[in-house]
Amino acid sequence: MSLNEAKRIAAHRAVNEWVQTDTAIGIGSGSTVVFAVERLAERMKLENLNVACVPTSFQARQLIIEHGLQLSDLDRNPQLDVAIDGADEVDNDMVLIKGGGGCLLQEKIVASCAKNLVIIADYTKNSKKLGDQYKKGIPIEVAPMAYVPIKQHIQKCFGGNLKLRMAVAKAGPCVTDNGNFILDWEFANEKIYNWPDVNRDLLMMPGVVETGLFVNMATKAYFGMADGQVRTQERNA
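It should be emphasised that the depicted structure is a prediction, and the values quoted were computed from it without experimental measurement.

Parameters and conventions
- Residues numbered from 1 in each chain as written.
- Predicted model: local features only at pLDDT ≥ 70, side-chain atom pairs only at ≥ 80, totals over all residues.
- Heavy atoms only, no water.
- Salt bridge = Lys/Arg side-chain N within 4 Å of Asp/Glu carboxyl O.
- Helix = DSSP H or I, 4+ residues; strand = E, 2+ residues; numbered from the N terminus.
- Buried < 20%, exposed > 50% of the residue type's maximum accessible area, 1.4 Å probe, protein only.
- Domains from an automatic or database assignment.
- Buried area = accessible area lost by both parts, 1.4 Å probe.
- Polar contact = N/O pair within 3.5 Å; in protein donor to acceptor, adjacent residues only side chain to side chain.
- Phe/Tyr/Trp six-rings, centres within 6.5 Å; stacked < 30°, edge-to-face > 60°.
- Lys NZ or Arg CZ within 6 Å of the ring centre and 35° of its normal.
- Axes fitted to C-alpha atoms, helices over the stretch in contact; angles between N-to-C directions.
- Parallel < 35°, antiparallel > 145°, perpendicular 65-115°, else oblique.
- Left-handed = near helix turned anticlockwise from the far one by under 90°.
- Contact = heavy atoms within 4.5 Å.
- Pairing = 2+ DSSP bridges.

## Section: the pattern of salt bridges
Phase 1 of the analysis: With the rule as written, the count across this model stands at 17 salt bridges.
Phase 2 of the analysis: One salt bridge in this structure joins Glu42 and Arg39, with 3.0 Å as the shortest N-O distance. With Glu42 and Arg39 both in helix α2 (residues 31-47), this residue pair falls three residues apart, about one helical turn.
Phase 3 of the analysis: With a closest N to O distance of 3.0 Å, Glu210 and Lys108 form a salt bridge. Taken together, the positions of Glu210 in strand β11 (residues 208-211) and Lys108 in helix α4 (residues 104-112) put the pair 102 residues apart, joining distant regions of the chain. The exposure classification of Glu210 matches that of Lys108, with both residues buried.

## Some details on the domain arrangement of the chain
Phase 1 of the analysis: Under the domain assignment, the chain is made up of domain 1 (3-126 + 215-225) and domain 2 (138-210).
Phase 2 of the analysis: For domain 1 and domain 2, the distance between their C-alpha centroids amounts to 25 Å.
Phase 3 of the analysis: Between domain 1 and domain 2 the total buried area reaches about 1,100 Å² when both faces are included, carbon and sulfur atoms providing 63% of it.
Phase 4 of the analysis: It is Leu104, Leu105 and Val215 that lose the most area in domain 1 upon contact with domain 2, and together they represent 41% of the buried surface on that side.
Phase 5 of the analysis: The interface formed by domain 1 and domain 2 holds one salt bridge in total.
Phase 6 of the analysis: Counting every contact that joins domain 1 to domain 2 gives three residue pairs in polar contact (both at pLDDT 80 or more).
Phase 7 of the analysis: Element by element, the count of residues in the side of domain 1 that touches domain 2 is highest for α4, at four residues.

## Describing the packing of aromatic side chains
Phase 1 of the analysis: Going through the model one piece at a time under the given rule, you end up with eight aromatic pairs.
Phase 2 of the analysis: Aromatic pair Phe158 and Trp185: ring centres 5.8 Å apart, planes at 50°, arrangement tilted. Separated by 27 residues along the polypeptide, Phe158 in helix α5 (residues 147-158) and Trp185 in strand β10 (residues 181-186) bring together distant segments of the chain. Judged on exposure class, the residue Phe158 and its partner Trp185 are both buried.
Phase 3 of the analysis: Pairwise contacts between aromatic rings join Phe158, Trp185, Phe187, Tyr193 and Trp195 into one cluster.
Phase 4 of the analysis: The side chain of Lys98 reaches across the aromatic face of Phe214, ending 5.5 Å from its centre.
Phase 5 of the analysis: If you follow Lys108 out to its NZ or CZ, it ends over the ring of Phe214, 4.8 Å from the centre.

## Overview of the packing of helix α1 (residues 3-18) against α2
Phase 1 of the analysis: Contact pair α1 / α2: the axes reach a minimum separation of 8 Å and the direction vectors enclose 45°. Classified by the angle their axes make, α1 and α2 are oblique. The handedness of the crossing between α1 and α2 is right-handed. Contacts from Asn4, Lys7, Arg8, Ala11, His12, Val15 and Asn16 in α1 reach Ser31, Thr32, Phe35, Ala36, Glu38, Arg39, Leu40, Glu42 and Arg43 in α2.

## So, the sheet that holds strand β5 (residues 89-90)
Phase 1 of the analysis: Here we have three strands laid out as an open sheet, ordered β5-β6-β12, and antiparallel in their pairing. Both edges of this open sheet fall to β5 and β12 (213-214), since each of them pairs with a single strand only.
Phase 2 of the analysis: As judged from the two bridges shared by β5 and strand β6 (residues 96-97), these two strands associate in the antiparallel manner. The partner of Glu89 across the bridge, within β6, is Ile97.

## Points about the pairing of strand β8 (residues 138-142)
Phase 1 of the analysis: Where burial is concerned, most of β8 is hidden: five out of the five residues are buried.
Phase 2 of the analysis: One ladder, built from five bridges, connects β8 with β10; its direction is antiparallel. Looking across to β10, one finds that Pro139 is bridged to Asp184.
Phase 3 of the analysis: Pairing of β8 with β11, which is carried by three bridges, proceeds in the antiparallel orientation. Paired with Ile140 across the two strands is Thr211, which belongs to β11.

What follows is the structure, encoded as structure tokens:
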């Protein structure tokens, strides 16, 4: 089974199990979410569902519009029943790395407004510990004026290396939807980190807007496997 097919079966399973009529849901970002929106649109037509969709990014907003779904926002729906999103990596403790696509701030805001955060991914995103499979580091969204001191401070406190994410089709740094820069922290994989503590310490640094560490947020993860099965993982209560 291809990775796209693995993503598809995970996304369809999650939408089938979590989306009900007369609810408000968060729509995440990334390649796997495309299949979730595809399935949601199918169910809307078949079952005449009434579902308000709150996007986490420009990409998610366009997907909602293109599939004829009901576009909403956190002003109209500040409390969501579920948010469905992808992840760059999920460890055994259900700690996530997100933000490979640069949408971590809005993704975390939407996730924090949902009763449940459901993750959909293919089998390559499931790891025993962070860094086992995802090698691009933890994204950290920062105020542009502070990226150099933040970079130096993190390297001094936690080790590893931080790189300013550069844009692909323009000269200069990648700029988020919120006008900020992203530092990708390639942490020392041989070290053992207490991710809740690390996340808290990072967020205390002036100039750090948000981190791509999602700690104690995900309720359940669905992984499409190479053999066509869907493996699930839940956060311990």
